[in-house]
Amino acid sequence: MSIFNLLRIALKALQRNKLRAFLTMLGIIIGVAAVIAMVAIGQGSKQSIQDQLSSMGSNMITIRPSSNISPGGGARLDASSLQTLTLDDVKAIQKQATYISSISPAVSSKGQAINGAFNWPTTIQGVTPGYLEIRDWKTKQGVVFSDEDGTSAAKVCLIGQTVYENLFSPGDDPIGKIIRFNRIPFKIIGLLAEKGENAFGQDQDDIIIAPFATVQKRLLAITYIQNIYAAALNENVTEQATAEISSILRKTHKLKDTDDDDFMVRTQAELINTFSSTSQLLTVLLTAIAAISLLVGGIGIMNIMYVSVTERTKEIGLRMSIGARGIDILLQFLTEAILISITGGILGVLLGISTAKLITIFLKWPTLVSESSIILSFAVCTITGVFFGYYPALKASRLDPIEALRYE
């Protein structure tokens, strides 16, 4: 029997029971749509995390004090209060490292920023001009402070978009204005370009950036450094740069071979891999749950095909009595099962893509529909049709034609 005839007979059989055929497809439709939507959510979150971490500086390296156990007890100290990093470390890395393009010490403090009647709780970060290069952060207005401003501990600053919106009326020009942070006046010389939220949900624009020495001496009155930020020459040499920094710091801190590091060196690649693996695990879990719908849909196909074989026993006997072979009957019922599965798969793909779009529009969740998820879902639903439709079709092909004609 030709493929054309098989399809024609299968379509006629399905048209006779349209509602039953649709309800059978429904399990496949929901299963495929759920798989595509869940994978889209997982892939979208993974891509969003990668983009956000990359926006912080794809080749950025962060050096922090290590949270060692405090001598007086078992509690771990806050890393920002540890004093294992100094300006000598920055100078040593700057002088000896060959895989580093920029470096900046960093200290920060939380407090209240005030401009006239406006006030806003925010964070001020003390850095050198190299920090903005490391973060690939541009200014929307104004200029960046210079190295001379850092040397003289000048009271100048750049403000983020969120700080601007909360300290100034819409349309006001902040450049040249004086704001106070914890009673210390700062002259605004630049407005930072908008960055948005980072991968941790923190608003990157809710910040004031000032010269490192100004924050360290005038605000915090400390001699140590809370963090050091550096940029590798490119993303391909971040591992070499990390190893090089660790080696330099171990020498400057005079650590023995048996001593643990009193610092931590982290790269964006490590953060991306950590978040990506977590996101990938979540995607697999969601997909596995959604795939159960496909299994249920397959069982539904098998159930309906069994019912169809029982209802059409006389028809099968009649076809066999006029010359139809067992293989023809098998292919006929198998074609019906595959047709139900493929049609359900097509509708499921359309529903899955639409669901992913609606999730992005209404829930604001990032989604990414990949071609591989569509192809995989479609292939799985086709295999489901063959697998669950084969046994009922085989049963139909093995019916005795005489007994089938006598069936009531």
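Residues numbered from 1 in each chain as written. Predicted model: local features only at pLDDT ≥ 70, side-chain atom pairs only at ≥ 80, totals over all residues. Heavy atoms only, no water.

**Focus: helix α7 (residues 212-220)**
Then, number 1: All buried positions along α7 are accounted for by Phe212, Ala213, Thr214, Val215, Gln216 and Leu219.
Then, number 2: One or two residues past the end of α7 sits Ala221, with phi positive at roughly 55 degrees. (Buried < 20%, exposed > 50% of the residue type's maximum accessible area, 1.4 Å probe, protein only. Helix = DSSP H or I, 4+ residues; strand = E, 2+ residues; numbered from the N terminus.)

**Some remarks on the UniProt feature "transmembrane region" (unreviewed entry) in the protein chain**
Then, number 1: Within this structure's numbering, the places UniProt gives as "transmembrane region" (unreviewed entry) are residues 21-42, 281-308, 329-353 and 373-391.
Then, number 2: Helix makes up 100% of residues 281-308 and strand 0%, with an end-to-end C-alpha separation of 41 Å.
Then, number 3: As annotated, residues 329-353 comprises 100% helix and 0% strand, and the C-alpha atoms at either end are separated by 36 Å. (UniProt positions renumbered as here; feature names shortened; annotations may be inferred.)

**Points about the domain arrangement of the protein chain**
Then, number 1: Taken domain by domain, the protein chain holds domain 1 (3-52 + 273-406) and domain 2 (67-261).
Then, number 2: Inter-centroid distance (C-alpha atoms) of domain 1 to domain 2 is 56 Å. (Domains from an automatic or database assignment.)

**Comments concerning the packing of helix α10 (residues 313-321) against helix α11 (residues 326-363)**
Then, number 1: Two elements in contact, α10 and α11, have axes separated by 10 Å at closest approach and are oriented at 140 degrees. As judged from the angle between their axes, α10 and α11 are oblique. In the packing of α10 onto α11, the handedness of the crossing is right-handed. Contact with α10, carried on its side by Glu315, Ile316, Arg319 and Met320, involves Gly326, Ile329, Gln332 and Phe333 of α11 and no other residues of that element. (Axes fitted to C-alpha atoms, helices over the stretch in contact; angles between N-to-C directions. Parallel < 35°, antiparallel > 145°, perpendicular 65-115°, else oblique. Left-handed = near helix turned anticlockwise from the far one by under 90°. Contact = heavy atoms within 4.5 Å.)

**Describing unusual backbone geometry**
Glycine aside, residues mostly have negative phi angles, and peptide bonds mostly take the trans form.
Then, number 1: Even without being glycine, Arg183 reaches a positive phi, approximately 75 degrees.
Then, number 2: With respect to the helices and strands, Arg183 occurs in the loop between β6 (178-181) and β7 (184-192).
Then, number 3: Residue Arg183 is classed as exposed on the basis of its relative accessible area, which comes to 77%.

**What to know about the packing of helix α3 (residues 87-96) against helix α8 (residues 238-252)**
Then, number 1: For the pair α3 and α8, interaxial distance at closest approach is 10 Å and the crossing angle is 130 degrees. Taken together, the axis directions place α3 and α8 in an arrangement best described as oblique. Every pair of crossing elements has a handedness; the one defined by α3 and α8 is right-handed. Here α3 contributes Asp89, Ala92, Ile93 and Gln96 to the contact with α8, which in turn contributes Glu244, Ile245, Ile248, Leu249 and Thr252.

**Some remarks on the environment of Val163**
Then, number 1: Looking at the element boundaries, Val163 is found in helix α6 (residues 161-167).
Then, number 2: Considering only alpha carbons, one finds Val163 and Trp137, 26 residues apart in sequence, at a separation of 16 Å.
Then, number 3: Apart from residues no more than four positions distant in its own chain, Val163 is found in contact with Trp120, Thr122, Asp205, Asp206, Ile207 and Ile208.

**Concerning the pattern of salt bridges**
Then, number 1: In the structure shown here, the tally under the stated rule is eight salt bridges.
Then, number 2: Between Glu315 and Arg16 there is a salt bridge, with the nearest N and O atoms lying 3.8 Å from each other. Taken together, the positions of Glu315 in helix α10 and Arg16 in helix α1 (residues 3-16) put the pair 299 residues apart, joining distant regions of the chain.
Then, number 3: The class for Arg16 is exposed, based on a relative accessible area of 52%.
Then, number 4: A salt bridge links Arg312 to Glu336, with the shortest nitrogen-to-oxygen separation between them at 2.9 Å. Taken as a pair, Arg312 in the loop between α9 (268-311) and α10 and Glu336 in helix α11 lie far apart in primary sequence, 24 residues in all.
Then, number 5: Assessed through its relative accessible area of 9%, Arg312 is described here as buried.
Then, number 6: Residues participating in the shared-partner salt-bridge network are Arg16, Arg312, Glu315, Arg319 and Glu336. (Salt bridge = Lys/Arg side-chain N within 4 Å of Asp/Glu carboxyl O.)

**Description of the side chain of Thr313**
Then, number 1: Mapped onto the elements of the fold, Thr313 is located in helix α10.
Then, number 2: Looking at Thr313, the relative accessible area reads 9%, which means it is buried.

**Here's the deal with α3**
Then, number 1: Along α3, the residues classified as buried are Asp89, Val90, Ala92 and Ile93. One side of α3 carries all its buried residues, which in axial view fall inside an arc of 165 degrees. Turned more than 90 degrees away from the buried face of α3 sit Asp88, Lys91, Gln94 and Lys95, all of them exposed. (Arc of directions from axis to C-beta.)

**Remarks on the packing of aromatic side chains**
Then, number 1: For the coordinates displayed, the defined rule picks out four aromatic pairs.
Then, number 2: Relative to Phe168, the ring of Tyr164 has its centre 5.7 Å away and its plane inclined at 25 degrees; by these criteria the two rings are stacked.
Then, number 3: Lying across the ring of Trp137, Lys195 places its NZ or CZ 5.8 Å from the centre. (Phe/Tyr/Trp six-rings, centres within 6.5 Å; stacked < 30°, edge-to-face > 60°. Lys NZ or Arg CZ within 6 Å of the ring centre and 35° of its normal.)

**Some points on a negative patch on the surface**
Then, number 1: Where like charges cluster on the molecular surface, the negative patch consists of Glu165, Glu194, Glu197 and Asp203.
Then, number 2: Relative to the elements of secondary structure, Glu194 occurs in the loop between β7 and β8 (208-211).
Then, number 3: The exposed category is assigned to Glu194, whose relative accessible area is 64%. (Patch = residues over 30% accessible without salt bridge, like charges linked within 9 Å, V, L, I, M, F, W, Y side chains within 5 Å. Areas by Shrake-Rupley, 256 points an atom, 1.4 Å probe, with all protein chains shown as cover. Lys, Arg positive; Asp, Glu negative; His and termini not counted. Charge placed at Lys NZ, Arg CZ, Asp CG, Glu CD.)

**Focus on the environment of Ala113**
Then, number 1: Mapping Ala113 onto the fold places it in strand β2 (residues 100-115).
Then, number 2: Here Ala113 falls in the buried class, since its relative accessible area comes to 0%.
Then, number 3: Sequence spacing of Ala113 and Ile184 is 71 residues, and the spatial spacing of their C-alpha atoms is 9.5 Å.
Then, number 4: If we skip the residues at most four places from it in the chain, Ala113 touches Phe118, Asn119, Trp120, Thr122, Leu167, Arg180, Phe181 and Ile208.

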